[in-house]
Amino acid sequence: MPTLPWAWHPYVYIGKSIWGMIVQRRAALTRTSTMDSLATYASAGIRRTLQAYLTTKARLRSKAFFCNALAGNSDINLCVNSDLTVSCTCHDIDASGHIGDLREQSVEQILDGPTARRFREMLAEGRLPTPLCTRCCDLRMINRNQAAKLVDMYHTPDFMMVENTSACNLRCLSCPREKIRQIRSKVSMSLDEVRRVATELNAAGVKRIAYLNQGEPFLSKNIRRELEILREVNPSFWINTSTNGQYIDSDDKREAALLMDRIHISLDGVDQRMVNRYQRGLDFEAVYHNMKALVEYRDARGRRSPTIIWKYLLFRWTESRRHVLRAVEMARAAGVDRIEFDKTVSPFYGMPIRSYLGWLKGIGEQIDGDRCVVFRADTQETVAETQRNDSEAEVVATDV
């Protein structure tokens, strides 16, 4: 077999090196894809198992179900999606929670419509309309007789979510991005559609809006104008959002942010290596800089709003006391109003077991089950939260 000339050897070596890097990259992608698929299937399996468990439990105890969202009492669900369909849950990743369409119906007509009514009747019979119900914080188990009486007791909500876009710049672990693309007939709202949504929500008596759902709100190049439209329709709308912060990188986007009342900036770690475990595609330094710059931009204008919060998800790889204390110091240095440490259960292999066992006690204060360190008391968030009467209701929801 003829040998290659010596002059070719460096090129052969480079070629082998490049091929080796390609093979390693493909193997890494395969492992990542496998874990993503495993997490997705596991979550779906857990939801189906919980659906069977809860319906069996209700039947054996002569109980039924009630949904705060379908009654108009929710503080987190009921969402206008980017294609103007309306879902009864913010976790509607397969369209099984679609209850209407704002292009054809008003908010009142949607809650009074056949799908919402069918869902309420199924719940009153002790059945769950969709496996997504098992991860919904608005699900309640109540007496069957009481549930039957509540089927027709609903009203237009005080709170709704608005998804201006379903597009996102990240590829977060466990996020069913491909499913979301498939079920949305339109990726982003037009300005005319934003005005229509704002008008419909105002007419329904909605006072609070969460401007987010399955996408990154600041990916919209028109977000400032969108928020101006909301303020034009109703200047007193209370608006909050959650963002990965990567696109709050210009004065125009910062001006858009100042039109809100509260902003959560998701940054799940204290360095690039940590955030890459979940928030794939995020630039840690850029987001931290954008968060700090937004605080400075707000303060330079003598503003007290929006309240700026660093939202830090706790995973197995981010929950150590050392990392949490480091995040607290970084949050203090950035000037944010507070940092919140939220426990998660997805992906299942990343569950922060130590945090669930209370290892972070003594850091900040306990708020709604999670730890929070407050650097500046909220003076702008004076909107009263909807009070829920749970005296006769048993909470059965779990976040899976």
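Everything here concerns the structure above.
A quick note: this is a predicted structure, and the numbers were derived from the prediction, not measured.

Q: Can you break down the pattern of salt bridges residue by residue, with the values?
A: A side chain of one charge can pair with a side chain of the opposite charge when the charged atoms of the two come close. Applying the stated criterion across every chain yields a total of 24 salt bridges. Of the charged contacts in the structure, one is a salt bridge between R231 and D261, with a shortest N-O distance of 3.0 Å. Placement of R231 in helix α7 (residues 223–233) and of D261 in the loop between α8 (251–257) and β9 (262–266) is noted, with a sequence separation of 30 residues between them. Judged on exposure class, the residue R231 and its partner D261 are both buried. Close ionic contact of E340 with R338 constitutes a salt bridge, the shortest N to O distance being 3.0 Å. Grouping residues by exposure puts E340 and R338 together as buried. Within this structure, R195, R224, R225, E228, E232 and D252 form a network of salt bridges that share partners.

Q: So what about the packing of helix α10 (residues 284–300) against helix α11 (residues 321–334)? Which residues, and what values?
A: One way to put it is that α10 packs onto α11 with a least axis distance of 9 Å and a crossing angle of 45 degrees. Between α10 and α11, the interaxial angle falls into the category oblique. Contacts between α10 and α11 pair F284, Y288, M291, K292 and V295 from the former with M330, A333 and A334 from the latter. Considering only residue class, the contact of α10 with α11 consists of 7 nonpolar, no polar and 1 charged.

Q: Summarise empty space enclosed by the protein; cite the residues concerned and give the values.
A: Under the criterion given, the structure shown has 3 cavities of 30 Å³ or more. The computed volume of the largest cavity comes to approximately 100 Å³. Forming the boundary of the largest cavity are C67, L70, C88, T89, F119, L123, P129, T130, L132, C133, C136 and L139. Among the residues making up the lining of the largest cavity, the classes are represented as 10 nonpolar, 2 polar and no charged. Along its surface, the second largest cavity is lined by F65, F66, C67, L70, A71, R120, L123, A124, A147, L150 and V151.

Parameters and conventions
Within each chain, residues carry numbers counting from 1 in the order of the written sequence. Restriction of local features to residues with pLDDT of at least 70 applies here, the model being predicted, together with a cutoff of 80 or more for giving and counting side-chain atom pairs; totals for whole chains, interfaces and linings are based on all residues. The side-chain numbers reported here are obtained from all heavy atoms of the structure, hydrogens and water having been left aside. For this analysis, a salt bridge means a side-chain nitrogen from Lys or Arg found within 4 Å of a carboxyl oxygen belonging to Asp or Glu. Think of it this way: any DSSP run of H or I at least four residues long counts as a helix, any run of E at least two long counts as a strand, and we number them from the N terminus. Burial classes: relative accessible area under 20% of the type maximum marks a residue as buried, over 50% as exposed, and values in between as partly exposed (1.4 Å probe, protein chains only). Fitting a line to C-alpha atoms yields each axis, with helices limited to the stretch in contact; the angle taken between N-to-C directions then spans 0 to 180 degrees. Just so you know how the angles are binned, under 35 degrees is roughly parallel, over 145 roughly antiparallel, 65 to 115 roughly perpendicular, and the rest oblique. The contact criterion used is simple: two residues touch if any of their non-hydrogen atoms lie within 4.5 Å. Gly is placed with the polar residues, together with every amino acid not listed as nonpolar (Ala, Val, Leu, Ile, Met, Phe, Trp, Tyr, Cys and Pro) or charged (Asp, Glu, Lys and Arg). Any residue with an atom within 4 Å of a point lines the site, the site being either a cavity, points on a 1 Å grid over the protein atoms alone where a 1.4 Å probe fits but cannot get out, or a pocket, an open set with protein on both sides within 12 Å along at least 5 of 7 lines. Grid points are joined across faces, edges and corners, and a volume is the space filled by probe spheres set on the points.

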